[in-house]
Amino acid sequence: MAVLNSKIPEGNISEKWTNHKFNMKLVNPANKRKYDIIVVGTGLAGASAAATLAELGYNVHAYTFHDSARRAHSIAAQGGINAAKNYQNDGDSVYRLFYDTVKGGDFRAREANVHRLAEVSNNIIDQCVAQGVPFAREYGGLLDNRSFGGAQVSRTFYARGQTGQQLLLGAYSAMNRQVGLGKIKLHTRKEMVELVVVNGKAAGIITRDLVSGAIEKHSAHAVVLATGGYANVYFLSTNAMNCNVTAIWRAHKKGAYFANPCYTQIHPTCLPVHGEHQSKLTLMSESLRNDGRVWVSKKKNDMRAPADIPEDERDYYLERKYPSFGNLSPRDISSRSAKEVVDEGRGVKGGEAVYLDFEDAIKRLGKKAIEEKYGNLFEMYETITGENPYTVPMQIYPAPHYTMGGLWVDYNLMSNLPGLFVLGEANFSDHGANRLGASALMQGLADGYFVIPYTIGNYLVADKPEKHSTDHKEFEEASNSIKEITAKLLSTNGDKTVDEIHKKLGRIMWNKVGMARNEKGLNEAINEIAELRDEFWKSVKVTGQAEELNQNLERAGRVADYLELGELMARDALNRKESCGGHFREEYQTEEGEALRDDENFTHVAAWEFEKAGKWNRHTEELNFEYVKLATRSYK
Amino acid sequence: MGWLSQSLNSSIGKKFVMAVTGISLILFLIIHLLNNLSMYLGPETYTALVKSLDGIKPLIRVIELVLALVFVFHIFNGVRLWLENKKARPGKYAVNGSVKNSTLFSRTMIQTGSIIFIFLVIHLNTMWYSFNFGEAHATHDYYYFVAEAFNSNIIYSLFYIFAMIVLGFHLNHGFQSAFQTFGWNHKKYFPLIEKIGFLYSLVMAIGFASIPVYFLFFYGGN
Amino acid sequence: MSAENLKLKLKIWRQKGPNSAGSFSKYEVAVSPDTSFLEMLDELNDSLERKGEIPIAFESDCREGICGACGLVINGQPHGPVPLITTCQLHMRNFKNGDTIWIEPFRAKAFPVLKDLMVDRTGFEKIQQAGGFISINTGGVPDANEIAIPKDISSLAMDAAACIGCGACVAACKNASAMLFVSAKVSQYALLPQGQPERYERVQKMVKVMDEQGFGSCTNTYACEAECPKGISVTNIARMNRDYMKAKIISKNVEV
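Residues numbered from 1 in each chain as written. Chains lettered and ligands numbered in written order. Predicted model: local features only at pLDDT ≥ 70, side-chain atom pairs only at ≥ 80, totals over all residues. Heavy atoms only, no water.

Description of the pattern of salt bridges
- A complete count under the given rule lists 71 salt bridges over all chains for this structure.
- A salt bridge links A:Arg289 to A:Glu286; the shortest N-O distance between them is 2.9 Å.
- Judged by relative accessible area, A:Arg289 falls into the buried class, the value being 4%.
- Here B:Arg61 and B:Glu64 are joined by a salt bridge, their closest N and O atoms 2.6 Å apart. (Salt bridge = Lys/Arg side-chain N within 4 Å of Asp/Glu carboxyl O. Buried < 20%, exposed > 50% of the residue type's maximum accessible area, 1.4 Å probe, protein only.)

Right, dumping it as structure tokens:
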């Protein structure tokens, strides 16, 4: 115990990072090439870290399970990236971005981290522009901004609806340059399956080559994980098919603490599930809520077509419940309200969807204006659903989108295991209990470009880690244990497919560890997941061989990890007896049905130590709010 | 000069050679057609024209040599590109989807080119050889030589007509393709280039084919 | 949501590995018209796994048309019959009951088949590593608003940058040429002021590696543009041609 030292530097909030940068030890330029660093994951955080570390002179080994770094799911981010540039002269500042992010995270993030994030946000934009990222511009040739996610200032930089793509391709290009120069060894189609810890320090990883199936050992002075989030534990989410928790989960099982696993963000405007064979959910931009009106029938199981439901039999529930914010209420509130009406049986034809209707907007502004604003989104909707949203109201429903929880890290982004650094969505750090729109890209790049290059050097000099031979017994053991697990999966030969079990897990998670949680449901979930885990290991069917390209086996390994993670999420949710941000406990709400935080008892990070599947120890890190005063969010 | 051969042997370089030689041939065809069309002005004019060219034989020979080189480069590079490109795509699709994504003209350059090559050999052997060294050269009766050649041999004439239609196909793609290869694809002007190319190919095909058609069907013989 | 299931015959390319011979296998499925093409394959795979058979290997990730991982040749067309979308965005309502659908991998020497419908697109990576970047390090860059870039230029650069690197251009081209892919990156940087210092060096380096990777030459059939899910224009190829020849003529570097 008592390992959770956040190592927040002394001093005023605005000087902490500056002072810390000065106080950290530096690696002599000539010595940098003596250090090998493993970076797992090549999304925004991983690619930017790999590129920057290589530029500094370190020998970087980058790993991705994709065929190319450009496929990482950062590529799918649509909206934009925040920065406190104040180009619009509308009162933005580093302090305001800091303030908004802490408040938006419902006071469950570290102030010092968030301030640093706001500080470097401006450098990120400069860096991306210099790389040739084609951000949207004004006619005068300068950068354009928009307001996003209910922010009162326009601080979001964007590249059409493909900001994530352009930022990732920027980081990817920086990385490619270093690959060309030989400073990065890029290992594609290699999935990290184990972390190797020697003498308490992260010393390397074990990977599985996804083409040959070979289990390989890699050693380095430090390991950086930037492997993204775990929303696919719900089976259906807006995450890509291959997003998974395996890298950080296996590190967790080797001793890294998992912080705040229950903080998940459910995005309100996604396309609803259309059938049992649906493989993933698609996000529709939140901007649609600017003009669309959300409604359901007042009757239960109303099977009429939307056009046949008269005005006075419709319930515009967001406008009714939150008159001042109406259809623009924050993500968590909109999502939860949709769930409430669906639970009452008032969803579209009694199912899991609500209407997002543009009829009034088209009447008011004309079809042309709507087409200009949302044309491509409407097209995308029609491609997927086959329905024309100009004439038939859209159907939407919330979907898991982002996970704020992740491996616990200190101010230096190092986990409790020395030498193991965690960046981007994979760590728990900057978003608290709820992430604001356009902040994920900012955090990934901040960690990779501007934080890890400083803090990793300090570790290398101060801790003097050694690079072990891959013949070391820890490497042998780790590699053997993976081979055993693989053999077990392949030899079980039961009658349940991997997807079947994953879907079952997803249902449990969605119903009981989803948008609204309660003690009874969480307890049930814990038992059901444990049972499902047993069922998995007894009756899963995985085809093919270990030593070949075997996508079935890949999925099986990932689902095995979700079956443990899911339980931990439920346990974390059960233990956090309050409602905050993306975590809503039905027992803890105001009379009006709003989230009720318990600042007295839960102004802390919950970091879980793995003992064995089904057994974790909860540690806490107190959070202190010296600058942003604790207050209740209200959107009435 | 290693850089030069390296440049011209790169994928873009080879295309560049195709385009430069292609454009040269396109210009040559205009002169050739004008020359041919002068037949419609009557035997005297045509014979006089050919004779006048005879007067500047050394210059003509130099031009012919350049032209021959242009042809050789165009053909050699074309065949080489075709062979290399076939290697780049060893497997064939079970369903051929190219009808849906490209024009027939663009897909058949090697086939149309090959037919034109066969035509060229025959053409050189009958017309060019005869004008320079053979029968027509001896009699100086160029007009009647041509007229008889087409009038007396229907298969020969039909092959000529066919080859000229094929030439039109080849030019229709080749014309705009050369501009694209030079990098002159501009949103405003490229549609115009495509139209000019189409018109040019049409004029060439009809113009050249009109001669055998004329002598085959409308030439009474004297 | 909507009508009855579609009964379809699938002819799917099965190939054990890069060095094995492949052939088509026949499958019959019944799917809802609301299902996506890849969900149909998921479903088929699930039924194969249940029978203990090896599922069909194919790639996909984001399933919203941006990551570029998916890419099947469906009835002879990369990403199928609907223009401007990727395979993962294709839905079964675009097919008719009783249809036979041929599903093949991208075919190109530079994209060897790894297994079934999965190909190796490493060639694209090598080209990007040769010059698909602006040579700046992190830090020490000017303020983002230091350079004004005309909106239309920035917008053209964005059009080119929208490439998702799926390889449909190579798959569609009868020569398996990678020109559209390479020219999209070359164009993005050639248009922007940030890309000018290395403009002529970059195009030479990228084309050189493109040639080495075994892609064919462009013969301007424009099949690439027609099949590109992101509508990347062949004017980018023209721009690259121009820059390349110009580079060859003016550049003092004879080594590239």
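So much for the structure itself; the text now carries on.
Structural notes on the nonpolar core
- A:Ile81, A:Phe135, A:Leu195, A:Leu225, A:Leu420 and B:Val146 are the most contacted members of the largest nonpolar core, which has 265 residues in total.
- The biggest single contributor to this core is helix α16 (residues 551-575) of chain A, with 12 residues.
- Look past the residues within four positions of B:Val146 in its chain and what remains in contact with it is B:Met39, B:Tyr46, B:Met127, B:Phe131, B:Ile211 and B:Phe215.
- Counting 27 residues, the second-largest nonpolar core is a separate cluster that includes C:Leu6, C:Leu8, C:Leu44 and C:Cys70. (Core = buried A, V, L, I, M, F, W, Y, C linked by side-chain atoms within 4.5 Å. Helix = DSSP H or I, 4+ residues; strand = E, 2+ residues; numbered from the N terminus. Contact = heavy atoms within 4.5 Å.)

Some words on the interface of chain B and chain C
- Opposite the 35 residues of chain B that make contact, chain C presents 47 residues.
- Interface area, chain B with chain C, both sides summed: about 3400 Å², of which 55% is carbon and sulfur.
- For chain B, the biggest contributors to the area lost against chain C are B:Ile12, B:Tyr93 and B:Asn101; these three give 20% of the whole.
- Counting every contact that joins chain B to chain C gives 0 salt bridges. (Buried area = accessible area lost by both parts, 1.4 Å probe.)

Focus: the packing of aromatic side chains
- With the rule as written, the count across this model stands at 52 aromatic pairs over all chains.
- Summarising the aromatic geometry, the rings of A:Phe358 and A:Phe378 are spaced 4.9 Å apart at their centres and angled 70 degrees between planes, so their arrangement reads as edge-to-face. A residue pair is termed long-range when its members are at least 10 positions apart, and A:Phe358 in the loop between β14 (354-357) and α10 (359-365) and A:Phe378 in helix α11 (residues 367-385) qualify at 20 residues.
- Aromatic pair B:Phe105 and B:Phe169: ring centres 4.9 Å apart, planes at 70 degrees, arrangement edge-to-face. Remark: B:Phe169 occurs in helix α10 (residues 154-182) and B:Phe105 occurs in helix α6 (residues 104-107); sequence separation between them is 64 residues.
- Look at B:Phe105 and you get partly exposed, because its relative accessible area is 27%. (Phe/Tyr/Trp six-rings, centres within 6.5 Å; stacked < 30°, edge-to-face > 60°.)

Some remarks on the sheet that holds strand β17 (residues 420-422) of chain A
All names here are of chain A.
- Ordered by their spatial adjacency, 5 strands build an open sheet running β5-β2-β1-β9-β17, and the pairing between neighbours is parallel. What marks the edges here is a single partner per strand, and that holds for β5 (184-187) and β17. Across the sheet, the axes of successive neighbouring strands diverge by a mean angle of 20 degrees, strand direction being ignored.
- Direction of pairing for strand β9 (residues 222-225) relative to β17: parallel, over a ladder of 3 bridges. Its bridge partner being in β17, Leu 225 is matched across the sheet by Val 422.
- Each of β1 (36-40), β9 and β17 is contacted by helix α12 (residues 440-463), which is oriented at about 155 degrees to β9, the strand it contacts most. (Pairing = 2+ DSSP bridges. Axes fitted to C-alpha atoms, helices over the stretch in contact; angles between N-to-C directions.)

Examining the domain arrangement of chain C
Residues and elements named next belong to chain C.
- On domain assignment, one finds that chain C holds domain 1 (6-114) and domain 2 (122-250).
- Relative to domain 2, the C-alpha centre of domain 1 lies at a distance of 29 Å.
- Every contact between the two is made by 18 residues of domain 1 and, on the other side, 18 residues of domain 2.
- Here domain 1 and domain 2 share an interface that buries about 1300 Å² over both sides, 63% of which is from carbon and sulfur atoms.
- At the boundary of domain 1 and domain 2, one finds 2 residue pairs in polar contact (both at pLDDT 80 or more).
- Across the side of domain 1 that touches domain 2, the residue classes break down as 11 nonpolar, 6 polar and 1 charged. (Domains from an automatic or database assignment. Polar contact = N/O pair within 3.5 Å; in protein donor to acceptor, adjacent residues only side chain to side chain. Nonpolar A, V, L, I, M, F, W, Y, C, P; charged D, E, K, R; others polar.)

A look at the domain arrangement of chain A
All names here are of chain A.
- Taken domain by domain, chain A consists of domain 1 (19-265 + 402-463), domain 2 (272-398) and domain 3 (473-622).
- Put simply, the middle of domain 1 and the middle of domain 3, counted by C-alpha atoms, are 24 Å apart.
- With 52 residues of domain 1 in contact, the opposing surface of domain 3 contributes 58 residues.
- Across the domain 1 to domain 3 interface the summed buried area is about 4500 Å²; carbon plus sulfur atoms make up 59%.
- Contact with domain 3 buries area across many residues of domain 1, yet Arg 108, Val 233 and Tyr 234 alone supply 16% of it, more than any other trio.
- On inspection of domain 1 and its partner domain 3, the count reaches 8 salt bridges.
- As a salt-bridge pair, Asp 599 and Arg 108 come within 3.0 Å of each other at their nearest N and O atoms.

Regarding helix α9 (residues 331-343) of chain A
All names here are of chain A.
- Across its 13 residues, α9 extends 18 Å between first and last C-alpha, which sits within 8% of the 18 Å expected from 1.5 Å per residue.
- By the burial criterion, the buried members of α9 are Arg 331, Asp 332, Ile 333, Ser 334, Ser 335, Arg 336, Ser 337, Ala 338, Lys 339, Val 341 and Val 342.
- Contact partners of the buried residues in α9: β11 (264-270), β12 (293-297), α8 (317-321), β14 and β15 (394-403).
- Where α9 ends, the next residue or the one after it, Gly 345, has phi of about 85 degrees, a positive value. (Expected span 1.5 Å × (residues − 1).)

Let's talk about the interface of chain C and chain A
- Of the residues lining the interface, 75 residues belong to chain C; the matching set on chain A comes to 78 residues.
- Put simply, A:Lys85 and C:Asp143 hold a salt bridge, and the shortest N to O gap is 2.9 Å.
- Put simply, chain C and chain A have 52 residue pairs in polar contact (both at pLDDT 80 or more) between them.
- Those elements giving two or more residues to the side of chain C that touches chain A turn out to be α1 (37-50), β6 (113-115), β7 (118-119), α2 (122-131), α3 (151-161) and α5 (179-191) of chain C.
- Looking at the side of chain C that touches chain A, the element that brings in the most residues is α3(C), giving 7 residues.
- Its residues assigned to classes, the side of chain C that touches chain A comprises 34 nonpolar, 19 polar and 22 charged.

Regarding unusual backbone geometry
All names here are of chain A.
- Unlike most non-glycine residues, Phe 235 shows phi in positive territory, near 60 degrees.
- Mapping Phe 235 onto the fold places it in the loop between β9 and α7 (246-253).
- Take Phe 235: its relative accessible area is 12%, and that puts it in the buried class.
- Of note in this structure, Asn 493 is not a glycine but carries a positive phi near 50 degrees.
- Of note, Asn 493 is situated in the loop between α13 (473-492) and β18 (496-497).

Some details on the environment of A:Asn575
Residue and element names in this part refer to chain A.
- The topology assignment puts Asn 575 in helix α16.
- Residues Asn 575 and Ala 606, 31 residues apart in the sequence, show an inter-C-alpha distance of 9.0 Å.
- Among residues more than four places away in sequence, those in contact with Asn 575 are Phe 602, Trp 608 and Arg 618.

Brief notes about the side chain of A:Thr269
- With respect to the secondary-structure elements, A:Thr269 resides in strand β11.
- Not counting residues within four places of it along the chain, the set of residues in contact with A:Thr269 comprises A:Leu283, A:Met284, A:Ser285, A:Glu286, A:Arg289, A:Ile396 and A:Tyr397.

Topic: the arrangement of the chains
- For the 2 pairs of chains in contact, the largest share of contacts goes to chains A and C.
- Considering only C-alpha positions, the minimal separation of the non-contacting chain A and chain B is 21 Å.

A word on the packing of helix α1 (residues 2-9) of chain B against helix α2 (residues 11-37) of chain B
Residues and elements named next belong to chain B.
- With their axes 4 Å apart at the nearest point, α1 and α2 run at an angle of 80 degrees to one another. Classed by the angle they form, the pair α1 and α2 counts as roughly perpendicular. Where α1 approaches α2, its residues Ser 7, Leu 8 and Asn 9 are matched on the opposing element by Ser 11, Gly 13, Lys 14 and Val 17.
- A per-class count over the contact of α1 with α2 returns 2 nonpolar, 4 polar and 1 charged. (Parallel < 35°, antiparallel > 145°, perpendicular 65-115°, else oblique.)

Some details on the pairing of strand β8 (residues 215-219) of chain A
Residue and element names in this part refer to chain A.
- Taken together, the 5 bridges between strand β7 (residues 201-209) and β8 define a ladder with antiparallel strand orientation. Following the sheet pairing, Ile 206 is matched in β8 by Lys 217.
- Between the end of β7 and the start of β8, which pair antiparallel, lie 5 residues, with Gly 213 showing a positive phi angle near 80 degrees.

Details of the packing of helix α6 (residues 163-180) of chain A against α2(C)
- One way to put it is that α6(A) packs onto α2(C) with a least axis distance of 7 Å and a crossing angle of 85 degrees. It follows that α6(A) is roughly perpendicular to α2(C) by the angle criterion. Between α6(A), through A:Tyr172, A:Asn176, A:Val179 and A:Gly180, and α2(C), the contact on the second element is made entirely by C:Glu125, C:Gln128 and C:Gln129.
- Classifying every residue of the contact of α6(A) with α2(C) gives 2 nonpolar, 4 polar and 1 charged.

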